[in-house]
Amino acid sequence: MTKSYIAISYAQLGLSALFIIINIALSWILNLGLGKNLLIASLRMVVQLFMVGYILQWVFTLQNPVLIICVAFAMTIMAVISSANRTRRRFNGIYWNNFISLLCGSFLVTGFTVSGIIQVEPWYDPQYLIPLLGMILGNSLTGTSLSLERFTEDLIIRKEQIEALLTLGATRWEAAHQTIREALRVGMIPTINSMMVMGLVSLPGMMTGQILAGASPSDAIRYQIVIIFAQASGTAISTMGVVLLAFLALFNQKHQMKDALFKQV
């Protein structure tokens with residue numbers, strides 16, 4: 001039988017702030033210099049989550065697929081900006097490359113999950129579409145930012161070796177293949193590590209939330225497995241896309257490396 005969840009009052013929410021106060025106190029005692037950052041991060045997190053909560057209440061009432069898709073596009077744009085801004089190296093088209101990669105990876109996987117696996121009716125039901133898209137986008141932007149950071153840094157570090165290979169007649173793919181492979185591996189590491197320990201070391205947030213809301217553990221586990229597989233697929237597609245598009249942007253068809261496009265931020 002499904003149990004009702006225990007609602008958290010604002011007083012209880014305020015009591016949970018003691019955890020952050022303890023952290024700030026420890027930072028002050030040990031002279032770590034993290035107190036200000038912890039306070040700012042906590043305040044931002046609270047404000048942002050309350051804003052998202054109110055927005056989601058409005059979004060969940062929508063029945064217009066056009067408006068829901070617009071919300072999904074807005075989420076993707078925010079993920080693109082976050083992913084690109086985490087990369088220290090810039091080149092022409094970095095935001096556009098991130099947008100195409102995250103859009104393809106997250107929308108394809110979310111669409112198949114909602115329509116083909118869970119079989120939501122209608123497919124644009126925001127109660128399912130928006131949270132699933134958000135979870136897939138969150139994982140994907142981490143993968144794209146890590147892989148793009150590794151790819152651009154490796155190109156700088158291995159510049160002389162790559163240019164030597166190109167001079168000796170190697171194609172741009174042959175010269176950059178090792179860097180591409182390493183960047184893709186780095187981008188997938190967080191997802192793989194998370195899957196390795198899931199259920200043994202950590203309980204996923206989505207599954208925990210469903211259990212706390214009264215869902216049976218078996219139902220929550222099935223949902224979580226579907227979502228983890230979807231996140232892994234979305235991350236793989238987005239990561240591969242952003243690295244390959246960066247490769248095409250930084251190597252021309254004459255098999256030359258356009259390192260002049262780099263700038264560090």
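It should be noted that the structure appears before, not after, this text.
Residues numbered from 1 in each chain as written. Predicted model: local features only at pLDDT ≥ 70, side-chain atom pairs only at ≥ 80, totals over all residues. Heavy atoms only, no water.

Draft legend 1. Quick peek at a nonpolar patch on the surface. Taken together, the side chains of Ile8, Tyr10, Leu13, Met45, Val46, Leu49, Phe50 and Tyr54 present a nonpolar region at the surface, about 860 Å² in accessible area. Of all the elements in the fold, those that place two or more residues in the nonpolar patch are helix 1 (10-15) and helix 3 (35-59). Broken down by element, the residue count for the nonpolar patch peaks at 5 residues, all from helix 3. Secondary-structure assignment places Leu49 in helix 3. Leu49 sits in the exposed class, given a relative accessible area of 54%. (Patch = residues over 30% accessible without salt bridge, like charges linked within 9 Å, V, L, I, M, F, W, Y side chains within 5 Å. Areas by Shrake-Rupley, 256 points an atom, 1.4 Å probe, with all protein chains shown as cover. Salt bridge = Lys/Arg side-chain N within 4 Å of Asp/Glu carboxyl O. Helix = DSSP H or I, 4+ residues; strand = E, 2+ residues; numbered from the N terminus. Buried < 20%, exposed > 50% of the residue type's maximum accessible area, 1.4 Å probe, protein only.)

Draft legend 2. Geometry of the packing of aromatic side chains. This model, assessed by the stated rule, comprises 6 aromatic pairs. Judged by centre distance (5.4 Å) and plane angle (90 degrees), the rings of Trp123 and Tyr124 are edge-to-face. With a centroid separation of 5.3 Å and an interplanar angle of 35 degrees, the aromatic rings of Phe247 and Phe251 are classed as tilted. The exposure class assigned to Phe251 is buried, which follows from its relative accessible area of 0%. (Phe/Tyr/Trp six-rings, centres within 6.5 Å; stacked < 30°, edge-to-face > 60°.)

Draft legend 3. Broad picture of helix 6 (residues 126-157). In this model helix 6 runs 45 Å from its N-terminal to its C-terminal C-alpha over 32 residues, within 8% of the 46 Å that 1.5 Å per residue would give. A distance of 3.1 Å separates the backbone nitrogen of Gln127 from a side-chain oxygen at the start of helix 6, and that oxygen is part of Asp125. (Expected span 1.5 Å × (residues − 1). Polar contact = N/O pair within 3.5 Å; in protein donor to acceptor, adjacent residues only side chain to side chain.)

Draft legend 4. Structural context of the environment of Ser140. In this fold, Ser140 is placed in helix 6. The class for Ser140 is buried, based on a relative accessible area of 0%. With 92 residues separating them in the primary sequence, Ser140 and Ala232 have C-alpha atoms 8.3 Å apart. Excluding residues within four positions of it along the chain, Ser140 makes contact with Leu102, Gly234, Thr235 and Ser238. A polar contact is formed between the side chain of Ser140 and the backbone oxygen of Ile136, at a distance of 2.8 Å. (Contact = heavy atoms within 4.5 Å.)

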